[in-house]
Amino acid sequence: MTRAGEETYKTYEQSGRHEEVSVTTDGLPDWLDPVVRAADTVQPHQLSRFLPPESGRGRQSAVLVLFGEGPRGPELLLMERAGTLRSHAGQPSFPGGALDPEDGDPATTGPLRAALREAEEETGLDPSGVQPFGVLPKLYIPVSGFVVTPVLGWWRTPSPVGAVDPAETARVFTVPVADLTDPDNRAMALHPSGHAGPAFMVEGALVWGFTAGVIDRILHFAGWERPWDRTREVPLDWRA
């Protein structure tokens, strides 16, 4: 990631508008400084043991890791996927999805555009109020074959959000970072396959899998993590 004003992405067309999309740290709140530093230095293997195949296979996608400021301080925007979807049904997740051809090059501008486009389509947010300030290394979701680029954003100008299409999104909600760092809300999600990974019990939802893994690593490398009981397990349904 580059510093303020050093990198500007090309114009993209979204909903009939032409917007200039840039990655910049200019004007961020001070509390995001640890996240900026983490994004500058974190290596792919420090985020996940599941990395994109060297063969280049996998469907390119992106998610928007959007930080805002709510009544209880810093918060993250999440959504719950509809239970009827073929992949990751019913799971809380970041807004995002697969790159479309018009999003551009997956190696440069594509993930940024895709993250903003998908967030608008799924939650109704106004992308012009989002300031991308970093891009994490590409990760891999083996069960679905997605190669995912997490795009970090600051919700500079919040806009109303909600489930745009109930066939895709069950609900949209924000989670205070204070709740994500609360040890009482943390556990290890135990999959029937035997795999265990970090989980968060927040806002009436169990956040696990890829989304929880990214949140866990951001909290850790930003220095926000508080000691929690890693022996506490929450079993997942066999259909998960």
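All values reported here derive from a predicted model rather than from experimental measurement.

K.L.:
Looking at this structure, I do not really get the side chain of T169. What am I missing?
P.N.:
You can see T169 is positioned in strand β10 (residues 169-176). On the basis of relative accessibility, which here comes to 2%, the residue T169 falls in the buried class.

K.L.:
Help me understand the sheet that holds strand β11 (residues 186-190) in this model?
P.N.:
Hydrogen bonds between backbone groups are what pair the strands of a sheet, and the pairing can be parallel or antiparallel. Strands sit in the order β13-β12-β11-β14 across an open sheet of four strands; the sheet is mixed. Edge strands, defined here as strands with exactly one partner in the open sheet, are β13 (205-207) and β14 (233-235). With direction set aside, neighbouring strand axes in the sheet form an average angle of 40°.

K.L.:
Whenever I open this one, helix α5 (residues 209-221) confuses me. Can you help?
P.N.:
Within an α-helix, residues lying three or four positions from one another point in the same direction, as the helix has 3.6 residues per turn. Spanning 13 residues, α5 covers 18 Å between terminal C-alpha atoms, matching the ideal 18 Å at 1.5 Å per step. Within α5 the residues assigned to the buried category are T211, A212, G213, V214, I215, D216, R217, I218 and L219. Backbone geometry just after α5 places G223 at a positive phi near 80°.

K.L.:
Where do I start with the pattern of salt bridges in this structure?
P.N.:
When the charged atoms of two side chains lie near each other, side chains of opposite charge can form a pair. For the coordinates displayed, the defined rule picks out ten salt bridges. R186 is paired through a salt bridge with E225; the nearest N and O atoms lie 3.7 Å apart. Of the two residues, R186 is situated in strand β11 and E225 in the loop between α5 and β14; the sequence distance between them amounts to 39 residues. One salt bridge connects R217 with D216, and the closest N-O pair in it is separated by 2.9 Å. By relative accessible area, which is 17% here, R217 ends up buried. Classification of D216 by relative accessible area gives buried; the value is 5%. One continuous salt-bridge network, built from bridges that share partners, spans D100, D103, R117, E118 and E121.

Parameters and conventions
Residues numbered from 1 in each chain as written. Predicted model: local features only at pLDDT ≥ 70, side-chain atom pairs only at ≥ 80, totals over all residues. Heavy atoms only, no water. Helix = DSSP H or I, 4+ residues; strand = E, 2+ residues; numbered from the N terminus. Buried < 20%, exposed > 50% of the residue type's maximum accessible area, 1.4 Å probe, protein only. Pairing = 2+ DSSP bridges. Axes fitted to C-alpha atoms, helices over the stretch in contact; angles between N-to-C directions. Expected span 1.5 Å × (residues − 1). Salt bridge = Lys/Arg side-chain N within 4 Å of Asp/Glu carboxyl O.

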